[in-house]
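Descriptive structure summary
Chain by chain, the residues run as shown.
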Amino acid sequence: MALFGGRKNTLDTILASGWADESERNTLLQELRSSPPKPAIVLPMLWHADAVVRKIGAEIVLAKPDADTTRQLITSYGQRTPQARKVIVAVAARLPSELVKTALDPLLVETQQDLRRPAWELALAMPGTARVGYLRRALLEAPSTLRLQALEELTAGGVSAVESQLELLIPAAAAQDRQLRQKVLEKLASSDSPEILELMLDRLAEGDEEERKIADTYLRRVANANPEGLRETLLEVLTRGSDETRRLAIGILLDSGSPQQIVPQILDLCSRLAGWMRTRIIDVLRESGDRVLEPALALLQHPDRETRTNAIMVLADGFKDPRLVAPFSQLLADDDWWLRVTACQVLGGLEDERAVAPLVQALSDEDTRWAAVDSLAQIGATSALKPLSQLLKDPREEVRLEVLQAFSRFQDQRLLPVLRSVRDRDPADAVRQRAGEVLQEIGRQVGIEEQGAAPSGATPQLQNPLDKLLHRIRVQGASDLHLSVDEPPLVRIDGVLARMEKLGKLSAAHTQRYILGILDDQQRRVLKQEQALDFCHEIPGVGRYRANAYIQRRGLCASFRVIPDRAPTFADLRLPEQLKELLDYHQGVIILSGPSGCGKSTTLTALVDLINTTKPTHVITLEDPIEFVHPPKMALVNQRELGAHTLAFANGLRAALREDPDIIVVGELRDTDTIRMALEAAETGHLVITTLHTTSAVQTIDRLVESFPPDEQSQVRTSLSESLKYIVSQRLLPMKGGRGRVALFEVIKGTLSIANKIRKCETFQIPGLMQIGRHLGMRTRDHALQDLLEEGLISPETAWRHAEKKETFVGLCDPSKIQVPDWSAP
């Protein structure tokens, strides 16, 4: 019959189900079996709907297996239905293992996922010993979900199964897939094998949050069983990873041993570490509260200076416990000046009147006098007023100023005659001025109207005419003086520039004689070579001035900026109180930005002075030039000037990293190298405070990133997002009434949300985060304007002029005072 005209026709008929009944089907199959074609041809029979057809097809394939048929069979697995896949698995399981391995293994490493994944699914569906081998390979090589399947099957026997597979499970714990790593760690945590310990210590130090939790649970179990054996290893972990790692490691140590033993061992480790790492460990240790308080107090009497120092660092911040008064009072007699200064700081923070008597005794110690004065002011006990008043006779001007600063915290009417006497009789202008200010403050508080500072004393005997002029503008309250050829001297007061017409115009010979007369030989050489010179000019008995001399078409000119006699305070500048958080930071970057002449240097001086008066730390400043000289108080402040002490900001930063600083102050981020070194310093455990010329807080971020080539900008964004603590953008606005200026501050705080926007190059969304982050201390420009307006410091017109969304302030303004462009005009 035509139907049986050949094997091909017979096979085609079978595949097409072209039979009338079972008898005819069986006849066709019998004919095919009697003269079977090549196995590769009958492969489609394996996924036929009829079970008998599938069975006969399998018999033919298995009768004479070959490499080509095996390869086609395995390759087709991913294209078949679930039922057909079961048949393929059954057939492949009966084929010679070498043929299957030769066909399957290349597909397991195939880069195309549509080939690789089905191959792994087939491998893991294989029965017998072949499957076990593929399961072991899958744990390290298969796609993620199949790795999890392999893990569960390999460890189904419990702890014994886990321990039998350690050589596979430990490498799998380092897999890129986060979920797999966690599952592997959970399995390993059930075992007591010593090989797992190192892995868990590594995950505690370097793992993500979930991995650290698993490692923490495991290590607590091991530590409780053998506390002595694990202690040294856990101490080493304190020098690795993040603060959260240190927090967990210290928790394990304290839970598995006696704090009286653990705390000294941790502090002994700290004494051998670099400053920034030691500080981080101690900060985390302090979080354990009362568990470390008693052991640390006991160490204050330890004979080793380093041990006493570390114990003090634990107790110096965060504890306000009356038990600290007696031991820290005893430390005021220690041979080490730093310990004495820190003891003063701690006693002041306790605000306990029992500390007044020992602090009064400390006033006689020149090394601790600064700290003792400030601490007595913090306590606020009236019994300290008389001994503090005695210091107003100190020959050093800075000591008398510090006492007046302390008096400003009291509201005691008995101070009024003392302050009047200082105001009228002190030989220093700055001291008389400050005494008058404090007198007015206390007078207002107690309801007595007092006059401010008495008129300045006689003008110092100055020979140089330029020095006389600089002294004059300081007395007038000016901020800047400009000397220009063919112009009279110009002075800036409250932001307004005015000519001093009565002094007449200056000729080129005048300006050259005046300016060169205050320069030394080296400065003259630089000016001649560079055609410009930044320098600082100091007039004994008058003050310091930041200056720039330059040559223009008409001759030699210069600008002078008045540097205040005393460091401005937070209250003086109305700085955001949140910036005092910098005292708690041990790394990161704080950026002060704004246009030229907006007071960035003054703000920087206030921040350094705050650190100097409240924190025993090492500060290195890099300035061009040095403006305000910070006398020694609580901190060690080393000031370096560009040109005189270092060639460039980047060079100074590079050197500072080897000088054990805690805080690095960079006068200005001028170039890419300086920015790169500043970010590197922030990443390596230093707090960097610096300035940048930009007009807004958000623009500061973009300016930093865009200073780098395009191929580096992604890395810079990541670095900045991790390091940024604060950006404070400021500008000076005219005060209401036309006399004086007030600072406006925009603030960005380095939160996780801000970091994400920086990383993703979405800085345009940051203003929205600033609006909803007011409770964190963030402020947009418009928010800051509203605050100044509500306090009556600026006019509505000034607010409108400087606002980003001017419509917010239009309704508050006098329309006649707002000059709006006529956009309809041609």
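Residues numbered from 1 in each chain as written. Predicted model: local features only at pLDDT ≥ 70, side-chain atom pairs only at ≥ 80, totals over all residues. Heavy atoms only, no water.

What about the overall build of the protein chain?
So the rule is basically this: We count a stretch as a helix when DSSP gives it H or I for four or more residues in a row; a strand needs E for two or more, and each element gets its number in order from the N terminus. Using C-alpha atoms as the atom set, the radius of gyration is obtained and then compared with a globule rule of 2.2 Å times the number of residues to the power 0.38. Burial classes follow relative accessibility: with a 1.4 Å probe on protein chains only, a residue under 20% of its type's maximum area counts as buried, one over 50% as exposed, and anything between as partly exposed. All accessible areas in this document rest on Shrake-Rupley with a 1.4 Å probe, and a residue is counted as covered only by the protein chains that are shown. Only four residue types enter the charge count: Lys and Arg as positive, Asp and Glu as negative, with His and the chain ends excluded. For the purpose of locating charges, the reference atoms are NZ of Lys, CZ of Arg, CG of Asp and CD of Glu.
Looking only at helices and strands, the protein chain has 42 helices and 13 strands in total. A compact globule built from 826 residues should have a C-alpha radius of gyration of about 28 Å, whereas the protein chain, at 39 Å, is more than 25% larger. Expressed as lengths along the three principal axes of its C-alpha atoms, the size of the protein chain is roughly 135 × 80 × 55 Å. For the protein chain, the proportion of its 826 residues judged to be buried stands at 52%. With an accessible surface of roughly 38500 Å², the protein chain has 50% of that area assigned to carbon and sulfur atoms. Between the mean site of the 102 positive side-chain charges and the mean site of the 113 negative ones, the protein chain shows a separation of 3 Å.

Here's the deal with the side chain of Asp412
Test applied: Under this definition, polar contacts are N or O atom pairs within 3.5 Å; protein pairs additionally need one hydrogen-donor-capable and one acceptor-capable atom, and for neighbouring residues in sequence, both atoms have to be side-chain atoms. It only takes one pair of heavy atoms within 4.5 Å for two residues to be counted as in contact.
Of note, Asp412 is situated in the loop between helix H26 (397–407) and helix H27 (415–425). By relative accessible area, which is 12% here, Asp412 ends up buried. Side-chain polar atoms of Asp412 contact the side chain of Arg414, separated by 2.8 Å. Apart from residues lying up to four places away in sequence, Asp412 is in contact with Thr382, Leu385 and Ile442.

Here's the deal with the sheet that holds strand S13 (residues 741–749)
Rules: Strand pairing requires that DSSP identify at least two bridges connecting the strands. Axis geometry follows a simple rule: fit a line to the C-alpha atoms, using only the stretch in contact for helices, then measure angles between N-to-C directions, giving values from 0 to 180 degrees.
Ordered in space as S9-S8-S10-S11-S7-S12-S13, the seven strands form an open sheet in which the pairing is mixed. Taken across any chain shown, the strands that pair with only one partner, and hence form the sheet edges, are strand S9 (636–641) and S13. On average, adjacent strands in this sheet sit at an angle of 15 degrees to one another, irrespective of strand direction. Two strands pair when backbone bridges link them, and strand S12 (residues 724–734) and S13 are joined in this way by nine bridges, in the antiparallel orientation. Paired with Arg731 across the strands is Leu744, a residue of S13. In the packing of helix H33 (residues 600–614) onto the sheet, contacts are made with strand S7 (588–593), strand S8 (618–623), S9, strand S10 (663–666), strand S11 (687–692), S12 and S13, and the angle to S11 comes to roughly 165 degrees. Against the sheet, helix H35 (residues 672–683) engages S7, S10 and S11, with an angle of about 155 degrees to S11.

Comments concerning helix H6 (residues 97–108)
The following threshold applies: Each helix should span, by expectation, one fewer than its residue count multiplied by 1.5 Å.
For H6, with twelve residues, the first-to-last C-alpha span of 16 Å sits near the 16 Å given by 1.5 Å per residue. By the burial criterion, the buried members of H6 are Val100, Ala103, Leu104, Asp105, Leu107 and Leu108. Of the surrounding elements, those touching the buried residues of H6 are helix H4 (67–75), helix H5 (82–94), helix H7 (113–125) and helix H8 (128–141).

Thoughts on the packing of helix H34 (residues 649–656) against H35
For any two helices packed against each other, the geometry is given by the interaxial angle and the distance between the axes. As a reminder, the rule being used: Geometric relationships in this document are graded by angle, where less than 35 degrees denotes roughly parallel, more than 145 denotes roughly antiparallel, 65 to 115 denotes roughly perpendicular, and other angles denote oblique. Each crossing gets its handedness from the near helix: less than a right angle anticlockwise from the far helix is left-handed, clockwise is right-handed. Residue type decides the class: Asp, Glu, Lys and Arg count as charged, Ala, Val, Leu, Ile, Met, Phe, Trp, Tyr, Cys and Pro as nonpolar, and the leftover types, Gly among them, as polar.
Two numbers describe how H34 lies on H35: the axes approach to 8 Å, and their chain directions differ by 20 degrees. Classified by the angle their axes make, H34 and H35 are roughly parallel. The interaxial crossing formed by H34 with H35 has left-handed handedness. Judged by residue contacts, Phe649, Ala650, Leu653 and Arg654 of H34 engage Asp673, Thr674, Met677 and Ala678 from H35. Of the residues assigned to the contact of H34 with H35, the class counts are five nonpolar, one polar and two charged.

Points about the sheet that holds strand S6 (residues 555–563)
Spatially, six strands are ordered S3-S2-S1-S6-S5-S4 in an open sheet, and the strand pairing comes out antiparallel. Edge positions in the open sheet fall to strand S3 (496–499) and strand S4 (532–539), since each of these has one partner strand only. Averaged over all neighbouring strand pairs, the angle between strand axes comes to 20 degrees, with direction disregarded. Taken together, the four bridges between strand S2 (residues 490–493) and S3 define a ladder with antiparallel strand orientation. Looking at the pairing, Leu490 lines up with Arg499 of S3. Sitting on the sheet, helix H29 (residues 465–476) touches strand S1 (480–483), S2, S4, strand S5 (543–552) and S6, and the angle it makes with S1 is about 145 degrees.

Describing helix H3 (residues 51–63)
With 13 residues, H3 ought to run about 18 Å at 1.5 Å a step, and its terminal C-alpha atoms sit 18 Å apart, in line with that. Val53, Arg54, Ile56, Gly57, Ala58, Ile60, Val61 and Leu62 are the residues of H3 that are buried. Structurally, the start of H3 carries an N-cap: the backbone nitrogen of Val52 is 2.8 Å from a side-chain oxygen of Asp50.

A word on the pattern of salt bridges
Where we set the bar: Here, a salt bridge means any Lys or Arg side-chain nitrogen found within 4 Å of an Asp or Glu carboxyl oxygen.
On inspection of all chains with the given rule, the structure shows 55 salt bridges. Ionic contacts of the salt-bridge type, sharing partners, join the residues Arg178, Arg181, Asp202, Arg203, Asp208 and Glu211 into one network.

What to know about the nonpolar core
We apply this condition: Here, nonpolar core refers to any group of buried Ala, Val, Leu, Ile, Met, Phe, Trp, Tyr and Cys residues whose side-chain atoms link them within 4.5 Å.
By size, the foremost hydrophobic cluster in this structure holds 151 residues, and its most contacted members are Leu188, Met200, Ile266, Phe328 and Phe407. Here this core takes eight residues from helix H22 (residues 337–350), the largest share from any one element. Not counting residues up to four positions away in its chain, the partners in contact with Ile266 are Leu235, Leu238, Ile250, Leu253, Ile281 and Leu285. Formed by 37 residues, the second largest nonpolar core is a distinct cluster that contains Leu622, Ala650, Val705 and Leu724.

Considerations on the environment of Asp572
Along the chain, Asp572 falls in helix H32 (residues 570–573). Residue class for Asp572 comes out partly exposed when judged on its relative accessible area of 38%. Measuring from C-alpha to C-alpha, the distance between Asp572 and Ala606 comes to 9.1 Å, with 34 residues separating the pair along the chain.

With respect to the environment of Ala296
Tracing the backbone through its elements, the reader meets Ala296 in helix H19 (residues 290–299). Note on Ala296: relative accessible area 0%, which makes it buried. Here the alpha-carbon distance between Ala296 and Gly157, two residues 139 residues apart in the chain, equals 49 Å.

A closer look at the confidence of the model for the protein chain
Test applied: Here pLDDT means the predictor's own confidence in every residue, given as a number from 0 to 100.
The predicted model of the protein chain has a mean per-residue pLDDT of 85, with 95% of residues at 70 or higher. The secondary structure element of the protein chain with the lowest average pLDDT is helix H42 (residues 807–810), at 76, and the one with the highest is S1, at 94. The model gives residues 1–5 a pLDDT under 50, and that stretch makes nine contacts with residues more than four places away or in other chains. In the predicted structure, residues 818–826 sits below a pLDDT of 50 and forms five contacts with residues beyond four places in sequence or in another chain.

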